[in-house]
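Summary of the model geometry
These are the residues of each chain, in order.
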Protein chains: 2
Amino acid sequence: MTTKRIKLSDIARELNVSVGTVSLVLSGKAKQHRIGEEMAKKVIAKADELDYQANIMARSLRTGKSGIIGLAVADIANPYFGRMARYIENEASNMGYQVMFGSSDEDSNKLSSILNTFHSRQVDGIIVVPVENCELVGGMSNNDTIPTVLIDRECNNLQTDLVCTNNFDGAVQLNEVLLKKGYKKIAAFVYNLRLSNFEERLNGYKKAIKNVEGTFNPIVFSIDFNNVEENLVKALEEALKIRCDGLFFVNNSLGILSLKIMRKRYKKLLTKIGMVSFDNPEVFDLSTPRITCWEQPVEEMSKKAVELLVGKINNKNEDKCQQIKLKGKLILRDFQ
Amino acid sequence: MTTKRIKLSDIARELNVSVGTVSLVLSGKAKQHRIGEEMAKKVIAKADELDYQANIMARSLRTGKSGIIGLAVADIANPYFGRMARYIENEASNMGYQVMFGSSDEDSNKLSSILNTFHSRQVDGIIVVPVENCELVGGMSNNDTIPTVLIDRECNNLQTDLVCTNNFDGAVQLNEVLLKKGYKKIAAFVYNLRLSNFEERLNGYKKAIKNVEGTFNPIVFSIDFNNVEENLVKALEEALKIRCDGLFFVNNSLGILSLKIMRKRYKKLLTKIGMVSFDNPEVFDLSTPRITCWEQPVEEMSKKAVELLVGKINNKNEDKCQQIKLKGKLILRDFQ
DNA sequence: AGTATTTACTTAAACGTTTTAGCAATCATT
DNA sequence: AATGATTGCTAAAACGTTTAAGTAAATACT
């Protein structure tokens, strides 16, 4: 039943040639190493016949290249990261890499365990959405260094290759939309996580409201990431109590969940409150109200990250690190 | 800068012991192989000091176990599969496995290329959402067989381990809900893909409408998977033209996109048409109308699939194949 | 004291590739 | 015919583990 896996030596034996010859032919180095054309054909034919599939473990061990890109996101079940994973998969596949993933849940311990695994597996490169205490990312690459590209957010002071978006501008524009529509008092909602993208978005919010006459002090609700629902319910209650008429959410999860809560508990207010959010999940287009938001160019980001990473993998020399900031897009929808 | 990676021989050299000893200690086989406790402590301490990380390529080559589970879904960007991937990741991680994924786009060529890759990489097991022409799955495991579990759908006649849900019942119930609410003429929407789950759902639809007095013939719109939007627009137009008042969608993508189209083009009809769909994406809870749907127990399915798979990996002997059918849940929402 | 057993390690082969160095045989050149 | 170049392959080491088999020393048993 379970036949044995075919290996180079099987082909070699059947053809009465050496393993080296077979290897050179099948890895496309026949000409370069002066293997005759006839021999090459014979080898290839035999390999086809026997349905040879290289043992990548062995190859990797020998070459030191695994052909794997490690991807560490916050949560692959979050459609934003799901899409990111998909685009990264596509691009990586084009470049001849497979993707192995892990979800950190914004937890630096989980992330560091994921990164350690990647390390053990000798992935050729890592794309990572860093989390709060990301010294770990640096710490990880202490011993020997795996090419790494950050995506979505910066990591504290770490000067690494990076692909992100103009979060600040996005937040400014989202809040300006609200203000221009006449909303007077906007509250911002963010997780209690010190993440660069969230902070930039918060700064954009502060900038936007500072520019406006009849200004008010920033109102920021910091939502405990480990107890989101309960916190958010309270925060929204409080926001409405102090008569906020605009709500600015720093990412899709906060926006979506808030929408859910608002619909359940404050249905009548829905027409009066202006809600804007980062990211553009499907639901914001079909919900009532439809949510104006700032869409990040996930496909470009993902492609660019892979491109950068593969570049880094191939030219370990060129140590210049690139920090790429792509432009998001305002998606205008109704407010009622 | 780039220090060398630490290997067993480095530890052995520093301690003046053999590589074998170090290996035995670090792989927890010290007692079993009568390595002294003191030695064990020394080795472990040194490994910690030098921050040793095993080279998994080498280990895998030797042991024939990669510690990787391959996951082939239709599209990781689809939240349904994204969630599945996440639960599988969790469970696999608990069991000591990493997950490598690939998206087939329902294309048997892509799937077979993904499976070949998994094969080459000697993944220890495969969880796969099969596609239309899935002889390939069988074909793949021709030579030597990798434990495989199907998830979400069956594969033609292949008698393999499988985790899916009671699609037929779900479809029956969804359509009965519509009929009981007084909808008279229901159209079903499905992709032009011969997938067991879709077919079961379609059969459920047919069963439900057959049971009802004043019955009508099944109305099935088969949407070209490679040209979904255009086809769906036409199909919906046609359905409304022939005065269908109920729409039954066989999966989330069809439901979501149709909702989008309906909202754009037939806003006034939205209150009169009853829409029900499989899967329970977030948007169905926040949209207008909110969509009654059949939620599959994705977490259980995923867990069960991993459990089954790991079982298979560990007892190659026990050849009995298990086909598990889990129960979904009706999520009742409004229709207007 | 002499033999058997146990303890604590070491040796070395093996996993399946890749790749460098080398060896014959053939061909070209004088 | 002797020399040099070229062609077409082979041999064998190496990648870093795991693990079966072996060995020497210490301990137990008669």
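Bear in mind the structure is a predicted one, so any value in this text is a computation, not a measurement.

Let us look at the packing of helix α8 (residues 167-180) of chain B against helix α9 (residues 196-210) of chain B. All names here are of chain B. At their nearest, the axes of α8 and α9 sit 7 Å apart, and the two run at 40° to each other. As judged from the angle between their axes, α8 and α9 are oblique. Considering how the two elements wind past one another, α8 and α9 form a crossing that is right-handed. Here α8 contributes Asn 167, Phe 168, Ala 171, Val 172, Asn 175, Glu 176 and Leu 179 to the contact with α9, which in turn contributes Asn 197, Glu 200, Arg 201, Asn 203, Gly 204, Tyr 205, Lys 207, Ala 208 and Ile 209. Partitioning the contact of α8 with α9 into residue classes produces seven nonpolar, five polar and four charged.

Counting residues in each nonpolar core, the largest one holds 104 residues, and the members touching the most others are A:Phe189, A:Leu247, A:Phe248, B:Phe189, B:Leu247 and B:Phe248. Those residues in contact with B:Phe248 that lie beyond four places of it in its chain are B:Ala171, B:Leu174, B:Asn175, B:Ile186, B:Ala187, B:Ala188, B:Phe189, B:Arg201, B:Tyr205, B:Val276 and B:Phe278. Among the nonpolar cores identified, the runner-up in size contains 58 residues, and A:Ile76, A:Ile324, B:Ile69 and B:Leu309 belong to it.

Another point: α8(B). All names here are of chain B. The end-to-end C-alpha separation of α8 is 20 Å, in line with the 20 Å expected for 14 residues at 1.5 Å each. If you check which residues of α8 are buried, you get Asn 167, Gly 170, Ala 171, Val 172, Leu 174, Asn 175, Val 177, Leu 178 and Leu 179. Phi for Gly 182, located one or two positions after α8, is positive at around 105°.

This part is about the protein's contact with DNA strand C. With respect to spatial proximity, 26 residues lie near DNA strand C, and among them A:Ser23, A:Arg59, A:Arg62, B:Thr21 and B:Gly36 are the closest. The contact atoms of DNA strand C, taken as those within 4 Å of the protein, divide so that sugar and phosphate hold 58%. Within the contact set of DNA strand C, a phosphate oxygen lies 2.8 Å away from a backbone nitrogen or oxygen of B:Gly36. The set of elements that each furnish at least two residues to the surface near DNA strand C consists of α2 (19-26) and α4 (56-63) of chain A together with α4 (56-63) of chain B. Grouping the amino acids of the surface near DNA strand C by side-chain chemistry returns nine nonpolar, 10 polar and seven charged.

Here the focus is the protein's contact with DNA strand D. The environment of DNA strand D is made up of 24 residues, and the closest members are A:Thr21, A:Arg34, A:Gly36, B:Ser23 and B:Arg62. The contact atoms of DNA strand D, taken as those within 4 Å of the protein, divide so that sugar and phosphate hold 59%. Contacts to DNA strand D include A:Ser18, whose side-chain N or O atom sits 2.9 Å from a phosphate oxygen. B:Arg59 places a side-chain nitrogen or oxygen 2.8 Å from a phosphate oxygen of DNA strand D. Elements with a contribution of two residues or more to the surface near DNA strand D: α4 of chain A together with α2 (19-26) and α4 of chain B. The class makeup of the residues in the surface near DNA strand D is nine nonpolar, nine polar and six charged.

Here chain A shows a mean pLDDT of 92. Residues at 70 or above account for 93%. In this model, residues 138-143 of chain A is a region of pLDDT below 50 whose contacts with residues beyond four sequence positions or in other chains number 11 contacts.

Moving on: the interface of chain A and chain B. The interface of chain A with chain B comprises 57 residues on the first partner and 57 residues on the second. Each partner contributes to the roughly 5,100 Å² buried at the junction of chain A and chain B, and carbon and sulfur atoms together form 53% of this total. Inspection of the chain A/chain B interface yields six salt bridges. In this structure, the salt-bridge partner of B:Glu282 is A:Lys260, at a minimum N-O distance of 3.0 Å. The tally of links from chain A across to chain B stands at 29 residue pairs in polar contact (both at pLDDT 80 or more). Each residue belonging to the side of chain A that touches chain B can be placed in one class, and the counts come to 21 nonpolar, 21 polar and 15 charged.

Attention now goes to the pattern of salt bridges. For the coordinates displayed, the defined rule picks out 35 salt bridges over all chains. Close ionic contact of A:Arg86 with B:Asp105 constitutes a salt bridge, the shortest N to O distance being 2.7 Å. In this pair, A:Arg86 sits in helix α5 (residues 79-94) while B:Asp105 sits in the loop between β2 (98-103) and α6 (108-120), so the two residues belong to two different chains. The closest approach of N and O atoms between A:Lys312 and A:Asp161, which form a salt bridge, is 3.0 Å. Here the residue A:Lys312 occupies a position in helix α13 (residues 298-314), and A:Asp161 occupies one in strand β5 (residues 161-165), the gap between them amounting to 151 residues. Each of the salt bridges in this network shares a partner with another, and the network as a whole consists of A:Asp75, A:Asp105, A:Lys110, B:Arg86 and B:Glu89.

To continue, consider the relation of the copies chain A and chain B. In this structure, two copies of a chain are linked by a rotation about an axis accompanied by a shift along it. Overlay of chain A on chain B (RMSD 0.0 Å): rotation 180°, translation along the axis 0.0 Å. The superposition of one copy onto the other is thereby described by a two-fold rotation axis.

Before going further, it helps to spend a moment on the packing of aromatic side chains. Applying the stated rule across the entire model yields 15 aromatic pairs over all chains. Residues B:Tyr205 and B:Phe248 carry aromatic rings whose centres are separated by 5.9 Å and whose planes lie at 15° to one another, so their mutual orientation is stacked. Pair noted here: B:Tyr205 is in helix α9 and B:Phe248 is in strand β8 (residues 246-249), with a separation of 43 residues, a long-range link. The pair formed by B:Tyr205 and B:Phe248 is uniform in burial state, with each residue classed as buried. The structure contains a cluster of three or more aromatic residues connected by ring pairs, namely A:Phe189, A:Phe221 and A:Phe249. Here the basic side chain of A:Arg201 rests over the ring of A:Phe278, its NZ or CZ set 4.0 Å away from the ring centre.

Attention now moves to the domain arrangement of chain A. Under the domain assignment used here, chain A contains domain 1 (8-54), domain 2 (66-164 + 298-326) and domain 3 (167-295). Computed from C-alpha atoms alone, the centre-to-centre distance between domain 1 of chain A and domain 3 of chain A is 63 Å.

Residues and elements named next belong to chain A. A sheet is described by the order of its strands in space; here six strands give the open sequence β7-β6-β8-β9-β10-β12, paired in mixed fashion. The outermost strands of the open sheet, each flanked by one partner alone, are β7 (219-223) and β12 (329-331). Between one strand axis and the next, the sheet turns through 20° on average, direction left out of account. Along the sheet face, helix α9 (residues 196-210) touches β6 (186-191), β7, β8 (246-249) and β9 (274-278) and points at about 170° away from the line of β6.

Attention now goes to unusual backbone geometry. A negative phi angle characterises most non-glycine residues, just as the trans form characterises most peptide bonds. In this structure, A:Pro289 follows A:Thr288 across a cis peptide bond, with omega equal to -5°. Note on placement: A:Pro289 falls in the loop between α12 (283-286) and β10 (292-295). The backbone phi angle of A:Asp105 is positive, close to 55°, even though this residue is not glycine. Of note, the phi angle at B:Asp279 is positive, near 70°, even though the residue is not glycine.

The rules we used
Residues numbered from 1 in each chain as written. Chains lettered and ligands numbered in written order. Predicted model: local features only at pLDDT ≥ 70, side-chain atom pairs only at ≥ 80, totals over all residues. Heavy atoms only, no water. Axes fitted to C-alpha atoms, helices over the stretch in contact; angles between N-to-C directions. Helix = DSSP H or I, 4+ residues; strand = E, 2+ residues; numbered from the N terminus. Parallel < 35°, antiparallel > 145°, perpendicular 65-115°, else oblique. Left-handed = near helix turned anticlockwise from the far one by under 90°. Contact = heavy atoms within 4.5 Å. Nonpolar A, V, L, I, M, F, W, Y, C, P; charged D, E, K, R; others polar. Core = buried A, V, L, I, M, F, W, Y, C linked by side-chain atoms within 4.5 Å. Buried < 20%, exposed > 50% of the residue type's maximum accessible area, 1.4 Å probe, protein only. Expected span 1.5 Å × (residues − 1). Near = heavy atom within 4 Å. Polar contact = N/O pair within 3.5 Å; in protein donor to acceptor, adjacent residues only side chain to side chain. pLDDT = per-residue confidence, 0-100. Buried area = accessible area lost by both parts, 1.4 Å probe. Salt bridge = Lys/Arg side-chain N within 4 Å of Asp/Glu carboxyl O. Least-squares fit on C-alpha atoms with pLDDT ≥ 70 in both. Phe/Tyr/Trp six-rings, centres within 6.5 Å; stacked < 30°, edge-to-face > 60°. Lys NZ or Arg CZ within 6 Å of the ring centre and 35° of its normal. Domains from an automatic or database assignment. Pairing = 2+ DSSP bridges.

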